[in-house]
Amino acid sequence: MKPIHFIIALMIATGALHADAPYDLLLKGGHVIDPKNHLNTTMDVAMKNGKVARVAPAIDPVEARRSIDVSGFYVTPGLVDIHVHVYAGTGMRGAYSGDNSVYPDGHCSRSGVTTVVDVGSSGWRNFEDFKDRIIDRQRTRILAMLNIVGKGMGGGEIEQNTDDMDAKATAEMAGKYPDTIVGIKTAHYSAPDWIAVDRAVEAGRLANIPVMVDFGTFTDERPFEELVTKRLRPGDMYTHMYLGRVPMLDANGKLRPYLHEARKRGVKFDVGHGGGSFLWKQAVPAIDQGWVPDSISTDLHIGSMNRGMKDMTNVMSKILNRGISLYDVVKMSTWNPAQQIKRLEFGHLSVGAPADVAVLRVDRGEFGFLDVRNGRLEGDKKIAAEMTIYGGRIAWDVNARASLDWTDFYRSRQRRRGRRP
């Protein structure tokens, strides 16, 4: 590099050139995938004051305080994971409102995730503790679906207590925190009746927010087909769509027609991988017959993060390796889930949107992907997060692409202090 070019590059990287530049941060040369805006091409993305400021084919790096070359990578909206459990630190043993949950800042940014939805770990009785303990203290943006059980996912008899399934109180708590509470959840219910589902739907109706269902124990008295074709409303979600117990395929391995009927009604189907809810024997034939997710999510918790699920990009890679395009996989992980939770400010790179960005790479090679019973599927593509930007600030940079070589860094510091290198 010529000396003058080196000096200019150094000044750009350190923010010394044009301190009053129009943009704070510029991503140069990446392949932008932004399904809301139908973008799937090489573009530059500029950010200012925590917002997306401009997306264009060529933005001069001198217009930004910091410019990062992301050529060869994919630039997408920050990923939106609408099924996690992050109500940690309460001390409750064996419960998602306690020891089964994880602190999101230790997991999400490193997989490109900027927004998560905790689904049902808390209910109306303990949501405010969850908000104070976790939501208000973590860097990751945390939204929530309230459990129809007032005490949330406390495990055992707590989650079966129909006396604590209060639709009115749940809806009132949702109305108290509309910026944070985006839905209602019912999960793990084992009785052969519809009380949990019906009261969750009633709470959703009162609060005008969607419902997500983990169907719990499947029984003949409350058939899954009835759940998705009659009980759930348009916009409500069934999670764990590739769970082994879902009656998805007929005796000949063909997708059962009622699933298309449910989707036509407007019911959404979410991956919700988790530690026990994704089987290749369900996913492979279903996806090959066109039964693909509306949204990709992890069901992040201590029982899933070190097993077949691992993280958001790993789950995305599973869908990618079944022949779904990267564009559609990104859509299922950004704009689709944002729409499902009615938070249309997220999941895209429109000017004025929060500057939440994932810089992804797609590695090529020989990879193995486990389901929840340790069944392995071979794939040749694997998505990984190279960089994550949250609110215009770098939250994850695995290869330090936003930084100077250490020799240049210390030389620049010496220059700023008026010393000779």
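Residues numbered from 1 in each chain as written. Predicted model: local features only at pLDDT ≥ 70, side-chain atom pairs only at ≥ 80, totals over all residues. Heavy atoms only, no water.

Extensive coverage of strand 6 (residues 79-84) is indicated by the burial of 6 of its 6 residues. Sheet analysis places strand 6 next to strand 7 (residues 113-123), joined by 4 bridges and oriented parallel. Counterpart to D81 in the pairing with strand 7 is V116. (Buried < 20%, exposed > 50% of the residue type's maximum accessible area, 1.4 Å probe, protein only. Helix = DSSP H or I, 4+ residues; strand = E, 2+ residues; numbered from the N terminus. Pairing = 2+ DSSP bridges.)

An α-helix turns once every 3.6 residues. As a result, residues three or four positions apart point the same way. All of the buried residues in helix 3 (residues 167-176) are A167, A169, T170, A171, M173 and A174. In this structure, the buried side of helix 3 is in contact with helix 2 (127-135), strand 8 (141-147), strand 9 (181-186) and helix 4 (195-207). Backbone nitrogen of K168 and a side-chain oxygen of the N-cap are separated by 3.1 Å at the start of helix 3; the cap is D166. (Contact = heavy atoms within 4.5 Å. Polar contact = N/O pair within 3.5 Å; in protein donor to acceptor, adjacent residues only side chain to side chain.)

Taken as a whole, this structure holds 23 salt bridges when the rule is applied. Of the charged contacts in the structure, one is a salt bridge between K131 and D136, with a shortest N-O distance of 3.1 Å. (Salt bridge = Lys/Arg side-chain N within 4 Å of Asp/Glu carboxyl O.)

In any sheet, the strands associate via hydrogen bonds between backbone groups, in a parallel or an antiparallel arrangement. Strand order across the open sheet formed by 7 strands is 6-7-8-9-10-11-12, with parallel pairing between neighbours. Looking at strand neighbours, the two that pair on one side only are strand 6 and strand 12 (268-269), the edges of this open sheet. Lying over the sheet, helix 3 contacts strand 8 and strand 9, oriented at roughly 160° with respect to strand 8. (Axes fitted to C-alpha atoms, helices over the stretch in contact; angles between N-to-C directions.)

The next point concerns the side chain of R222. Locating R222 in the fold gives a position in the loop between strand 10 (211-213) and helix 5 (224-231). Side-chain polar atoms of R222 contact the backbone oxygen of Y189, separated by 2.8 Å. With near-sequence residues (within four places) excluded, R222 lies in contact with Y189, S190, A191, P192, D193, W194, F215 and T217.

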